[in-house]
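Listed below, chain by chain, are the residues.
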Amino acid sequence: MSNTKQGTRRGGPFGHGPGHGPGGHMGSGEKAKDFKGTMGKLFQYLGKYRIAVLLVVIFAIGSAAFSIIGPKIMGSATTEIFNGLMGKISGDGSTGIDFGKIGEILIKLLVLYIVSSLFAFIQGYIMTGVSQKVSYNLRQSISLKINRMPMKYFETRTHGEVLSRVTNDVDTLSQSLNQSMTQVITSITTVIGVLVMMFSISWVMTLVSLLILPVSMLLISLIVKRSQKYFRSQQEYLGHVNGEVEEVYGGHNIVRAFNGEKDVTDKFNQLNDTLYSSAWKSQFLSGMMQPLMMFIGNLGYVMVSILGGWLVIKNSIEVGDIQSFIQYVRMFNQPIAQVAQVANLLQSTAAAAERVFEFLDEEEEDQTAENAVSIEGLTGAVEFKNVQFGYTPEKTIIHNFTASVKPGQKVAIVGPTGAGKTTMVKLLMRFYDVGAGEILVDGHNVKDFNRSELRQMFGMVLQDTWLFNGSIRENIRYGRLDATDEQVVEAAKAAHVHHFIQTLAGGYDMELNEEAGNVSQGQKQLLTIARAILADPPILILDEATSSVDTRTEVRIQKAMDNLMKGRTSFVIAHRLSTIRDADLILVMKDGDIVEQGTHDDLLAAGGFYANLYNSQFEQAEAV
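So, here's what we can say about the structure. Since the model is a prediction, treat every value here as computed from it, not as a measurement. (Residues numbered from 1 in each chain as written. Predicted model: local features only at pLDDT ≥ 70, side-chain atom pairs only at ≥ 80, totals over all residues. Heavy atoms only, no water.)

**Section: the sheet that holds strand S3 (residues 410-414)**
Overall, mixed pairing links the six strands, which are arranged S6-S9-S10-S3-S11-S12 in an open sheet. The sheet is open, and its two edges are formed by strand S6 (458-462) and strand S12 (593-598), each paired on a single side. Going from strand to strand, the sheet's axes swing by 20° on average, the running direction of each strand aside. Note: S6 against strand S9 (residues 539-543), five bridges, orientation parallel. Paired with Val461 across the strands is Leu542, a residue of S9. Of the strands in this sheet, S3, S6, S9, strand S10 (569-573) and strand S11 (585-590) touch helix H11 (residues 421-428), which is tilted by about 145° from S10. (Pairing = 2+ DSSP bridges. Helix = DSSP H or I, 4+ residues; strand = E, 2+ residues; numbered from the N terminus. Axes fitted to C-alpha atoms, helices over the stretch in contact; angles between N-to-C directions. Contact = heavy atoms within 4.5 Å.)

Printed below as a string of structure tokens:
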């Protein structure tokens, strides 16, 4: 499997990862742990858009108000037609239907609906802008937040879980915010306005119509209560499915190499079946609300029609008032039917916002230090003093690490797997802070540097190469973005990769694809060494840089690394002890402590732990 990662030119966190799959958004109805507190935070966040939100409220109320007046005016047109027909039939000398008056009514009605539609369009336009700006700013905040968060956060969570905050949660928040805010305003305005108009026509008919409310609310509450657990299950297993897909696609070569297709397919099908079951139940129960509300609404129409006819006979209302009232009942039922949907949208909004705000509230690393030490003129002397560290407080893995490294020395760190070699490098670069003791660079505690400046002192060449989609030139220049083309070429020559690049179609301008399958593992490694040479750092970290290549390529890489290490303090983590025989200092680690240190010859002569390690590797090589 290729170790190459796709990324952006600046190495942003969003260059790769799973996109939206089917059902990629959070299921509506997922509950937030603290609905009230989260919505309060969200409204504070919306404070910067208060003018736009106020305009949305005004135009939404205006749109609803103008549409509410329409049925009453239309009812007067119906009454005018009815009275004209009845007068003609009764022969009381009436001229019949007054089409001029009806025309005036219809023109007035048309103007009202045009204004209502215009207001709706304006509020939709403004609200879409607000929701997209919120989405944009939240993604930007998350992107900046990621760069300030400690490594332990990412090492205790899957990539899919972190990416979900940037994709699914922000999209859900944006879309549900867009829908829920305007729907809440419109629904409230419509309910109040329609009630006023209904009472203005007939209080008796209004009270009869309101009898359906308790039945409607009871049914909605029962359905919502039943569907909540399925919505939560749907979202949980949606995360599992996304994580499984991201993991399998990331390692599909390994899956195929070990004939693991059936296992991953079975596991995916199991997760997918559970997701299907919970999603089907939640969507089915949610979908039941509309037909049930339509049924109850139709019963209301029957009651209103019968009662309205009786009131017309008694001359309590006009015929057109029945039509207006039925339209108002329909308009009244619509926002009532939307109450559950609005409630679900608000829950979805709160749940998504809560996850985003939780991420933004996570503990951050201190990026700057008070009276920070400058890195200018530092030579690369490193000293570890009684360093203790554990990834968790209850388990210490580095017990008492002490070592002194002079500027320009090549230091090899060796030891069995789990001895703490890579952990020491993480501590040196302040990916983690020591639990006790201190690490000094040129006599200054690493905590006295700004983190970004401290890391400018280090160049890294790792076993897992990292190349992104872009040209070879851009990948090398990533070590120093202001480097000229000539400096890029010089770095490539020093890394012994210039000749290979020239043989490629396009040379330095050749694009590396997502998997970088058009270059070998050794060639990728040489490109990362060229990148480090171009960065020209005073301290180098080489972590198993030659462990995954053949012997011939290893020789080339070793030559490139020798060029890279000239005049620089270098920390080399290696399992192949034959590659570090020329090191100025070898630190032998075991169970988090330095058990031996010295040159290769001194350690062999001592006949201790290092000698046993070296001799066992030599015997294995002889056996091969």
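**Points about the packing of aromatic side chains**
The full count for this structure, using the stated rule, is twelve aromatic pairs. With a centroid separation of 6.3 Å and an interplanar angle of 20°, the aromatic rings of Tyr610 and Tyr614 are classed as stacked. Residue Tyr610 and its partner Tyr614 are located together in helix H19 (residues 609-623), separated by four residues, close to a single helical turn. Judged on exposure class, the residue Tyr610 and its partner Tyr614 are both buried. Through a chain of ring-to-ring contacts, three or more aromatic side chains come together here, namely Phe59, Phe66 and Phe119. Positioned above the aromatic ring of Tyr45 is the side chain of Lys48, whose terminal nitrogen or guanidinium carbon lies 4.9 Å from the ring centre. (Phe/Tyr/Trp six-rings, centres within 6.5 Å; stacked < 30°, edge-to-face > 60°. Buried < 20%, exposed > 50% of the residue type's maximum accessible area, 1.4 Å probe, protein only. Lys NZ or Arg CZ within 6 Å of the ring centre and 35° of its normal.)

**As for the nonpolar core**
Counting 44 residues, the largest nonpolar core has Ile476 and Ile529 as the members making the most contacts within it. Element by element, the count of residues in this core is highest for helix H16 (residues 521-535), at seven residues. Ignoring anything within four residues of it in the chain, the contact list for Ile476 reads Val488, Ala492, Ile501, Tyr508, Leu527, Ala530, Arg531 and Leu534. If you look at the next biggest cluster of nonpolar residues, it comprises 37 residues, including Ile398, Val405, Ile413 and Ile539. (Core = buried A, V, L, I, M, F, W, Y, C linked by side-chain atoms within 4.5 Å.)

Purely geometric stuff here, so don't read any function into it on its own.
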